[in-house]
Each structure stands twice: as structure tokens, then as C-alpha cells.
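Examination of the molecular architecture
Read off the chains here:
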Amino acid sequence: MTAELRPARATDLGAVIAIERAAYPEDAWSEDAMASQLENPNTRYLVAEEGGVIVGYAGLLAPVGAETAEVHTVTVTETHRRRGIGRRMLAELLEAAAARGAAEVFLEVRIDNPAAQDLYRSLGFEAVGVRRKYYQPEGVDALVMRAPVPERGER
Ligand SMILES: CC(C)(COP(=O)(O)OP(=O)(O)OC[C@H]1O[C@@H](n2cnc3c(N)ncnc32)[C@H](O)[C@@H]1OP(=O)(O)O)[C@@H](O)C(=O)NCCC(=O)NCCS
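Right, let's walk through the structure included here.

About the cut-offs
Residues numbered from 1 in each chain as written. Predicted model: local features only at pLDDT ≥ 70, side-chain atom pairs only at ≥ 80, totals over all residues. Heavy atoms only, no water. Helix = DSSP H or I, 4+ residues; strand = E, 2+ residues; numbered from the N terminus. Buried < 20%, exposed > 50% of the residue type's maximum accessible area, 1.4 Å probe, protein only. Expected span 1.5 Å × (residues − 1). Contact = heavy atoms within 4.5 Å. Arc of directions from axis to C-beta. Near = heavy atom within 4 Å. Polar contact = N/O pair within 3.5 Å; in protein donor to acceptor, adjacent residues only side chain to side chain. Areas by Shrake-Rupley, 256 points an atom, 1.4 Å probe, with all protein chains shown as cover. Core = buried A, V, L, I, M, F, W, Y, C linked by side-chain atoms within 4.5 Å.

**Describing the environment of Val-71**
- When you line up the elements, Val-71 lands in strand β4 (residues 68-76).
- When its relative accessible area of 5% is taken as the criterion, Val-71 is described as buried.
- Sequence separation between Val-71 and Gly-59 is 12 residues, and the spatial gap between their C-alpha atoms is 6.0 Å.

Structure follows, in C-alpha cells:
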């Protein structure tokens, strides 16, 4: 079965938070924080749905008119990883960044998460810096990565 990607809705909140808590036991976003991101017109959140079940989500902050966009998260439920869902969601977020006029997209990723770093590199992200002790409460460093957004017509 292939997961379908669609814009996240407010009614997806429960499923998204369940995946969030399982994937990030130390520093999951609160339900309120996630709800406000899903409602924010400056964000673009997607879910991957398979057989009526949400199996992943991804989110981007990209205000129209801002040159820089930021990937907030790409998360796939454990049973559905390594099937291309993360890459498809991230590619769609990059399309959304381009559609909103961003010239570049940034993200932070844990320094101890090579799988996610490989995913990001596969879509054009490069490391541009380190934010020390960015992930709290553990105090794990973040790698800051950047990808240029091709102008329309270049792709
Ligand atoms: C990181 C994550 C989103 C990847 O999602 P996914 O759907 O499994 O990824 P894909 O199947 O699209 O894989 C894309 C590429 O990422 C890399 N990758 C993904 N999982 C990997 C793993 N376990 N080990 C090594 N590389 C991995 C590979 O380069 C892969 O390409 P390939 O399959 O052609 O080799 C998923 O593992 C996840 O949700 N992890 C927990 C949460 C997290 O760390 N999120 C990212 C930080 S915000």
C-alpha cells in the first residue's frame, strides 16, 4: 500500500501527537504547541495516510514574502520507516517553500541522528553550522542544515 500525502487538518492532532510522543520521548511538542502550528497560516503541515491511518507528518514554517523557510519536523511512525515516506514529505515541503517564494530552507537535526541527516542530504541540504546544546533537556547539539530553493522554472 502507498501512503497518500495531504495537508494536515485540525482533526489529525491526536494521531500526530501520538507519533510525536513515540518518536521524541524526551522533547515531544505539547498538544497545544502542535495545534497552534497546524492552525498557523504561515506553516504548511502534511500528513501521510495509509489505509485511513496517519503514519507520518512533516511541517514547514514559510511565511509568504519571507526569503527563508524552516523545516520544523519530518516524522514517520516506526513501522512505516524506510519506505520513502519521509523523503516524499520533505520533497513536498520544499515545493511548498518554493511556492511561497522562499530562497532557502533551514533545519536543525540532532547531531546523533545520521539517518535523518542522510535523508536531508539526499534532497540537497548541506551542513552550515552547529548549535550547541540545542536539544533540551538532554543538551544534545544540533547540526544546522541549509538547502537552496530552486527558482520556478529551474526545476
Ligand atoms: C528520519 C525519518 C523521518 C526518515 O523517514 P523514512 O520515511 O524512514 O525515510 P525514507 O524511507 O524516505 O528514507 C530516505 C533516506 O533517508 C536515509 N535513511 C532513512 N532512514 C535511515 C536509517 N535508518 N539508516 C540510514 N539511513 C536512513 C536514507 O538515505 C534513505 O534513503 P534510501 O532508503 O534510499 O537509502 C524517520 O526515520 C523518523 O521518523 N525518525 C524518527 C524521527 C526523526 O528523527 N525525525 C527527523 C528529525 S526532525
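**Focus: helix α3 (residues 85-99)**
- For α3, which comprises 15 residues, the first-to-last C-alpha distance of 21 Å matches the rise-based estimate of 21 Å (1.5 Å per residue) to within 8%.
- Every buried residue of α3 is listed here: Ile-85, Gly-86, Met-89, Leu-90, Leu-93, Leu-94, Ala-96, Ala-97 and Ala-98.
- Those residues of α3 hidden inside the fold are in contact with β1 (4-7), β2 (43-50), β3 (53-61), β4, β5 (104-110) and α4 (114-122).

**Considering helix α1 (residues 13-23)**
- Listing the buried residues of α1 in full gives Leu-13, Val-16, Ile-17, Ile-19 and Glu-20. The buried residues of α1 occupy an angular sector of 165° when the element is viewed end-on, so they sit on one face.
- Against α2 (31-39), β2, β3 and β4 lie the buried residues of α1.

**Describing the site of the ligand**
- Taken together, 17 residues lie near the ligand, and Val-76, Arg-82, Gly-84, Gly-86 and Asn-113 sit nearest.
- One nitrogen or oxygen atom from the main chain of Gly-84 is found 2.7 Å from an oxygen atom belonging to the ligand.
- Between an oxygen atom of the ligand and a main-chain N or O atom of Gly-86, the distance comes to 2.7 Å.
- When isolated, the ligand has an accessible area of 910 Å², and the protein chains bury 75% of it.
- Those elements giving two or more residues to the shell around the ligand turn out to be β4, α3 and α4.
- Among the elements that line the shell around the ligand, the one with the most residues is α4, at 5 residues.

**Quick look at the nonpolar core**
- Among the nonpolar cores identified, the biggest contains 32 residues, and Leu-60, Val-71, Val-74, Met-89, Val-105, Tyr-120 and Phe-125 are the most heavily contacted of them.
- Broken down by secondary-structure element, the contributors of at least two residues to this core are β2, β3, β4, α3, β5, α4 and β7 (140-148).
- Tallying contributions element by element places α3 first for this core, with 8 residues.
- The residues touching Tyr-120, leaving out its near neighbours within four places in the chain, are Val-74, Leu-90, Leu-107, Val-109, Phe-125 and Met-145.
- Membership of the second largest hydrophobic core comes to 12 residues, among which are Ala-8, Leu-38, Tyr-45 and Tyr-57.

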